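What the coordinates show
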Amino acid sequence: MRLPREEELVRLPTSSVLHYLPGRTPLGWPVRRTGQGSPQGLRGTLAVAVQLPSGWTRTLLPAWQREPGAPDLPFFGYTAAFFRQGELWCAAVQTEDNPRWNPELYATRDLPRRIRALRRKHPANRLLGQLEVCAREYGCYNAQNIFYGRWEGAAPVSPSCNACCQGCISSQPEEAPPSPQMRLAFVPTLEEIVEVGLEHLNHPEALYSFGQGCEGEPLLQAPLLARAIRALRERTPKGTLHLNTNGSLPQAAREVIQAGLDSMRISLNSAISDHYRAYYQPRTYDFEDVLETIRIARGHGVWVSLNLLMVPGVNDAQDEVEALIRLLNDLDVNMVQMRNLNMDPDLFFQGIPASQAPILGVPEMLRRLRAGAPRTRLGSHNPAVRS
Ligand code: SF4
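Residues numbered from 1 in each chain as written. Predicted model: local features only at pLDDT ≥ 70, side-chain atom pairs only at ≥ 80, totals over all residues. Heavy atoms only, no water.

**A short note on the nonpolar core**
- Formed by 91 residues in total, the largest nonpolar core has its most connected members in Leu131, Tyr208, Phe210, Met264, Leu306, Leu327 and Leu328.
- With eight residues, helix α5 (residues 222-235) is the single largest residue contributor to this core.
- The contact partners of leucine 328, leaving out residues within four places of it in the chain, are Leu306, Val333, Val336, Leu369, Ala373 and Thr376.
- Grouped together as the second largest cluster of nonpolar side chains are seven residues, Val10, Leu52, Ala81 and Cys90 included. (Core = buried A, V, L, I, M, F, W, Y, C linked by side-chain atoms within 4.5 Å. Buried < 20%, exposed > 50% of the residue type's maximum accessible area, 1.4 Å probe, protein only. Helix = DSSP H or I, 4+ residues; strand = E, 2+ residues; numbered from the N terminus. Contact = heavy atoms within 4.5 Å.)

Structure below.
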């Protein structure tokens, strides 16, 4: 634990959410001896953390002392927060200022009416039924965008996965905190996928996005995805056909890419294979397969982003940053999207070894990424690569 640096701090961004942390005592120093010696438990105070809106990357984790019997925390991106001169501040930097992800544009009063209208138009479409649940119950922005008819719209297709991520948001073991979303329970038909796709791709700068939080690994449905992409491209040249994936199956990825995929985002917690395996716990593939998928995608001119699962004190370790810069340059990756990993840090560190390398701090990490991989864009969201 250390004191924050000024460049790591910001007034609380609009639409941040405060979380009370049960069974935890905040750690800190008495004002007169700030930073001297070990921090103490601040008895009689409540431990809180912030969940940041999209586009903000946390720079520090909250510091707490876990009391006996304290519950594990649900899957959120806990960020250090504190009062300063009567205002709430937190440890974050802005990585993308994208008005399309403004929370005020979601869950608006007209959403239920829009959901009813599209469901009435396609009453037998189970994919729309799933997206209604995702929009109403999970608050998923990409699912809502299908009903709003704009931007990135969700198209989940896979009930199963070939990895076992520590922080999976759609499937967790009995003893863990419940996953924020229930895993999709069926494989939609070609007709269902195409029906929703044709509705969505008609909108300006639309992305039709396979691989969502409520499903497993979409590449496990590659033959269906390839048929759907071909069928959509036979009917419309519009919009971006996008895939969020763990990148585990290079040949399946080739099939989907050759069918007409425009962009791909591959989730990654580390460019160091052992650290990757410790988090993803891959069942039927390995880290080299993920790299091969990126090579194939870039070889076909597909826009490739990394969805970098961020934990301060881990990703900003010097060895992690150097390995990431090598990967970005060697594989000509187009973009890195910073994603605060939504997980109880105590649970995370139970499964992931702490780095022995110097910890640079997130602002320094971002500076080195910009300097070391100048061709790679830094941001937080999937861009439309085709209008
Ligand atoms: S790859 Fe995705 S669906 Fe599979 S375990 Fe990881 S987070 Fe869950």
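**Quick notes on the site of the ligand**
- Surrounding the ligand, one finds Cys161, Ala163, Cys165, Cys168, Arg183, Glu215, Gly216 and Asn246.
- Taken together, the residues that form the shell around the ligand break down as four nonpolar, two polar and two charged. (Near = heavy atom within 4 Å. Nonpolar A, V, L, I, M, F, W, Y, C, P; charged D, E, K, R; others polar.)

**A word on the domain arrangement of the chain**
- When cut into domains, the chain gives domain 1 (6-94) and domain 2 (99-379).
- Placing the centre of domain 1 and that of domain 2 at their C-alpha centroids yields a distance of 28 Å.
- Contacts between the two partners involve 23 residues from domain 1, matched on the other side by 29 residues from domain 2.
- Together domain 1 and domain 2 conceal approximately 2,100 Å² of surface at their shared face, both sides included; 59% is due to carbon and sulfur atoms.
- The tally of links between domain 1 and domain 2 comes to four salt bridges.
- The salt bridge involving arginine 66 is made with aspartate 346; its shortest N-O contact spans 3.3 Å.
- The interface formed by domain 1 and domain 2 holds eleven residue pairs in polar contact (both at pLDDT 80 or more) in total.
- Put simply, the parts of the chain that give the side of domain 1 that touches domain 2 at least two residues each are β6 (56-58) and β7 (64-66).
- Tallying contributions element by element places β6 first for the side of domain 1 that touches domain 2, with three residues. (Domains from an automatic or database assignment. Buried area = accessible area lost by both parts, 1.4 Å probe. Salt bridge = Lys/Arg side-chain N within 4 Å of Asp/Glu carboxyl O. Polar contact = N/O pair within 3.5 Å; in protein donor to acceptor, adjacent residues only side chain to side chain.)

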